[in-house]
Amino acid sequence: QVQLAESGGGSVLDGGSLTLSCAASQRPYSRSVMGWFRQAPGKEREFVALLRWHGGSRLYADSVKGRFTISRDNPKNMLYLQMNSLKPEDTAVYYCAWGTEYTSSPSAYTDWGQGTQVTVAS
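Everything in this summary refers to the structure shown in the same document.

What counts, and at which threshold
Residues numbered from 1 in each chain as written. Predicted model: local features only at pLDDT ≥ 70, side-chain atom pairs only at ≥ 80, totals over all residues. Heavy atoms only, no water. Core = buried A, V, L, I, M, F, W, Y, C linked by side-chain atoms within 4.5 Å. Buried < 20%, exposed > 50% of the residue type's maximum accessible area, 1.4 Å probe, protein only. Helix = DSSP H or I, 4+ residues; strand = E, 2+ residues; numbered from the N terminus. Disulfide = S-S within 2.5 Å. Pairing = 2+ DSSP bridges. Polar contact = N/O pair within 3.5 Å; in protein donor to acceptor, adjacent residues only side chain to side chain. Contact = heavy atoms within 4.5 Å. Axes fitted to C-alpha atoms, helices over the stretch in contact; angles between N-to-C directions.

As a further point, take the nonpolar core. Among the nonpolar cores identified, the biggest contains 36 residues, and Met34, Trp36, Leu81, Met83 and Tyr94 are the most heavily contacted of them. At the level of secondary structure, the elements contributing two or more residues to this core comprise strand E3 (18-24), strand E4 (33-39), strand E5 (46-52), strand E7 (68-73), strand E8 (78-83), strand E9 (92-99) and strand E11 (116-121).

Now the structure itself:
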């Protein structure tokens, strides 16, 4: 199984920006899908964005479209999430995930990072 490590979380003001990084311990396969999910206290884990490693197809949750950008660095086995125009409702622990299905369902992903906290103050 792949090991994932997120970094880049922190605290920002409403309207601010952050970029999260996810380092994978091995090179993703052709069918690999990597995604970002988040979980706020007392709420279920929800989909944020995903990317098909080969080809770079992307999918976003409606709540973050136009504000967040998911990207990859192939030689470095890195996944990124650029977050702009952050809102208090974006506050959550953000997780990097690895799977093989192009889907927003968390249950389809087999490997997860430890999470990184993002806090947006109003």
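More follows now that the structure is in view.
What follows concerns the state of the cysteines. For the structure on display, the rule yields one disulfide. Cysteine 22 shares a disulfide with cysteine 96; S-S distance 2.0 Å. Sign of the S-S torsion, about -75° for the bond between cysteine 22 and cysteine 96, identifies this disulfide as left-handed. Taken together, the positions of cysteine 22 in strand E3 and cysteine 96 in strand E9 put the pair 74 residues apart, joining distant regions of the chain. We classify cysteine 22 as buried; its relative accessible area is 0%.

For the rest of this paragraph, the subject is the pairing of E4. Of all seven residues that make up E4, six are buried, and the element is covered over most of its length. As paired strands, E4 and E5 are joined by six bridges and run antiparallel to one another. Pairing of glycine 35 across the sheet is with leucine 50, part of E5. Relative to E9, E4 runs antiparallel, the two sharing seven bridges. Among the inter-strand pairings, arginine 38 is bridged to a residue of E9, identified as tyrosine 94.

Moving on, we come to the side chain of threonine 116. Within the secondary structure layout, threonine 116 lies in strand E11. Overall, the relative accessible area of 12% leaves threonine 116 in the buried class. In this structure the side chain of threonine 116 is engaged in a polar contact, spanning 3.2 Å, whose partner is the backbone nitrogen of glycine 9. With near-sequence residues (within four places) excluded, threonine 116 lies in contact with Glu6, Ser7, Gly8, Gly9, Leu20, Ala92, Val93 and Tyr94.

Attention shifts here to the environment of tyrosine 60. Mapped onto the fold, tyrosine 60 is located in strand E6 (residues 58-60). Between the C-alpha atoms of tyrosine 60 and methionine 83, which are 23 residues apart in sequence, the distance is 12 Å. If near-sequence neighbours (up to four positions away) are discounted, tyrosine 60 is found in contact with Phe47, Val48, Ala49, Lys65, Phe68, Thr69 and Ile70. Within the structure, the side chain of tyrosine 60 is placed 3.4 Å from the side chain of arginine 58, a separation counted as a polar contact. At 2.9 Å, the side chain of tyrosine 60 forms a polar contact with the backbone nitrogen of isoleucine 70.

Okay, the sheet that holds E8 next. Taken in spatial order, the four strands make up an open sheet running E1-E3-E8-E7, and their pairing is antiparallel. Strand pairing shows two members of the sheet lacking a second neighbour, strand E1 (4-7) and E7, which therefore form its edges. Between one strand axis and the next, the sheet turns through 15° on average, direction left out of account. Note that E3 and E8 share six bridges and pair antiparallel. What sits directly across from serine 21, in E8, is tyrosine 80.

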